[in-house]
Amino acid sequence: MKEEIANIQTEALSAIAAAAGEQELEEVRIAFLGKKGRLTVASAGMKDLSKDDKPVIGQLLNTTRYAITEALDTKGGILQDDADAASVEGIDLSLPALPLHPGNLHPLTLVKDRAITILRQLGFSLAEGPEIETEFHCFDALNTPAEHPARNEKDTFYFDSGKLLRTHTSTVQVRTMENQAPPVRVIAPGSCYRRDEVDKTHLPAFNQLEGLYVDSDVQVGDLKGALEFFYRAMFGEETKVRFRPHFFPFTEPSFEIDALLKLKGEEPKWIEVAGCGMVDPAVFDEICKARGDDFYDPDKVTGYAFGMGLDRLAMIQWGIKDIRLLIENDARFLSQFA
Ligand code: DAH
């Protein structure tokens, strides 16, 4: 039996050496080590051996199985290396890779982050609210009369439930005051929606940044100081800012803010950059009713609010002439902001 086992080993090793591919090698493995393989069959003969022979032959069978297995593994590795080498033949692996553009932040994200950083210096923290809103949060609580055109179905996206897509971030003023006692000093960047025709300066989905500061003695001077600081930090120390009287239902007095800006290749001109004003006492009254307390009693608190378009801010910042570029995801446009 010893001889038979020695023969099996010799034959197995030469068959392994001769195997020209992985498939062939697998066939060799099955022929010798498989269930009906020659070594397996030989092992079955153990049962007929004498007590003295059993351990000797058993040992021999083990070392043989081990030797064949090792030879199979080694040959398998060599065949694998050969296959790998063949698959990259003719390819110059030392050539440098093509440059990979790692991507960059969207211009809107860049202005938004910048605005947040500046306003944080003034003590504002971030607040948020839902984009699907109630008419109460979007209009009623903000002192917007029932017949105001902004409420019109021609201007606002309504759901069958009566809810709507918020038309401005001013909703977050209401949400914040409902949930938090004064003083509050918050900013809320976010998306807004209006039924606008798409053109160079309008998209039905756009972005605003709202600000609200309420405390026991907030004055118009605080509003002007804060927003002048903001626009100078945003557009440069020399930037001139003016406050033009205007009307918003939720502020009194109200202003539009213009900044004197020089866009690329143009003469400096006044550009409207935000709406703002002192929170209308009627808004505080609504908040008191909603909260069921008098923390926002207009005799106790005053406040200012402002709202600016972030898309517009980005367009001014980089002289972008068409708002649609901000949503088209054209890499040639976006990669300029890397
Ligand atoms: N919500 C206004 C709009 O979308 C912008 C605005 C104006 C916000 C005056 C304010 C404000 O907070 O005080 O047109």
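Residues numbered from 1 in each chain as written. Predicted model: local features only at pLDDT ≥ 70, side-chain atom pairs only at ≥ 80, totals over all residues. Heavy atoms only, no water.

(A) Spatial organisation of the overall build of the chain. In terms of helices and strands, the chain carries eleven helices and nine strands. For the C-alpha atoms alone, the extent of the chain along its principal axes is close to 110 × 55 × 40 Å. Residues classed as buried in the chain amount to 38% of the 338 residues present. Considering only contacts within the chain whose residues lie at least 6 apart along the sequence, 68% involve residues at least 24 apart. A total accessible area of about 18900 Å² is found for the chain, and carbon and sulfur atoms account for 53% of it. For the chain, the distance from the average site of its 37 positive side-chain charges to the average site of its 55 negative ones is 1 Å. (Helix = DSSP H or I, 4+ residues; strand = E, 2+ residues; numbered from the N terminus. Buried < 20%, exposed > 50% of the residue type's maximum accessible area, 1.4 Å probe, protein only. Contact = heavy atoms within 4.5 Å. Areas by Shrake-Rupley, 256 points an atom, 1.4 Å probe, with all protein chains shown as cover. Lys, Arg positive; Asp, Glu negative; His and termini not counted. Charge placed at Lys NZ, Arg CZ, Asp CG, Glu CD.)

(B) Up close: the sheet that holds strand β7 (residues 251–261). If you trace the seven strands from one edge of the open sheet to the other, you get β1-β4-β5-β9-β8-β7-β6, paired in mixed fashion. The open sheet has two edge strands with one neighbour each: β1 (125–126) and β6 (240–248). Lying over the sheet, helix α10 (residues 310–318) contacts β4 (184–193), β5 (205–215), β7, β8 (269–279) and β9 (302–309), oriented at roughly 60° with respect to β9. (Pairing = 2+ DSSP bridges. Axes fitted to C-alpha atoms, helices over the stretch in contact; angles between N-to-C directions.)

(C) The site of the ligand, seen in detail. Close contacts around the ligand come from 15 residues, with H168, S170, R194, Q208 and E210 the closest. Here a nitrogen atom of the ligand and a side-chain polar atom of H168 are 2.9 Å apart. Here an oxygen atom of the ligand sits 3.1 Å away from a polar atom, N or O, in the side chain of Q173. When isolated, the ligand has an accessible area of 350 Å², and the protein chains bury 89% of it. Those elements that provide at least two residues to the shell around the ligand are β5, β8 and β9. Of the residues contributing to the shell around the ligand, the split by class is five nonpolar, eight polar and two charged. (Near = heavy atom within 4 Å. Polar contact = N/O pair within 3.5 Å; in protein donor to acceptor, adjacent residues only side chain to side chain. Nonpolar A, V, L, I, M, F, W, Y, C, P; charged D, E, K, R; others polar.)

(D) Just the domain arrangement of the chain, in detail. Assigned domains within the chain: domain 1 (2–87) and domain 2 (107–337). Just the C-alpha atoms count here: the centres of domain 1 and domain 2 sit 79 Å apart. (Domains from an automatic or database assignment.)

(E) Highlighting the pairing of β4. Most of β4 sits out of view: eight of its ten residues are buried. As judged from the two bridges shared by β1 and β4, these two strands associate in the parallel manner. From the neighbouring strand, S125 faces β4, where its bridge partner is V186. Bridge count for β4 against β5 is ten bridges, and the pairing is antiparallel.

(F) Molecular detail of the environment of G45. Mapped onto the elements, G45 comes out in the loop between α3 (38–44) and α4 (53–87). With 168 residues separating them along the chain, G45 and Y213 place their C-alpha atoms 94 Å apart.

(G) Seen up close, a nonpolar patch on the surface. Taken together, the side chains of V88, I91 and L93 make up a nonpolar region of the molecular surface, amounting to roughly 290 Å² of accessible area. In this fold, L93 is placed in the loop between α4 and α5 (107–121). (Patch = residues over 30% accessible without salt bridge, like charges linked within 9 Å, V, L, I, M, F, W, Y side chains within 5 Å. Salt bridge = Lys/Arg side-chain N within 4 Å of Asp/Glu carboxyl O.)

(H) Structural context of the nonpolar core. By size, the foremost hydrophobic cluster in this structure holds 45 residues, and its most contacted members are L227, F230, Y231, I257, Y304, F306 and M308. Of the residues forming this core, the biggest block, seven residues, is contributed by helix α8 (residues 220–235). In contact with Y304, other than residues within four places in its own chain, are F124, G211, L212, Y213, V218, Q219, D222, L223, A226, G277, M278 and V279. Within the second largest apolar cluster, 21 residues are counted, among which are V174, V184, V283 and V301. (Core = buried A, V, L, I, M, F, W, Y, C linked by side-chain atoms within 4.5 Å.)

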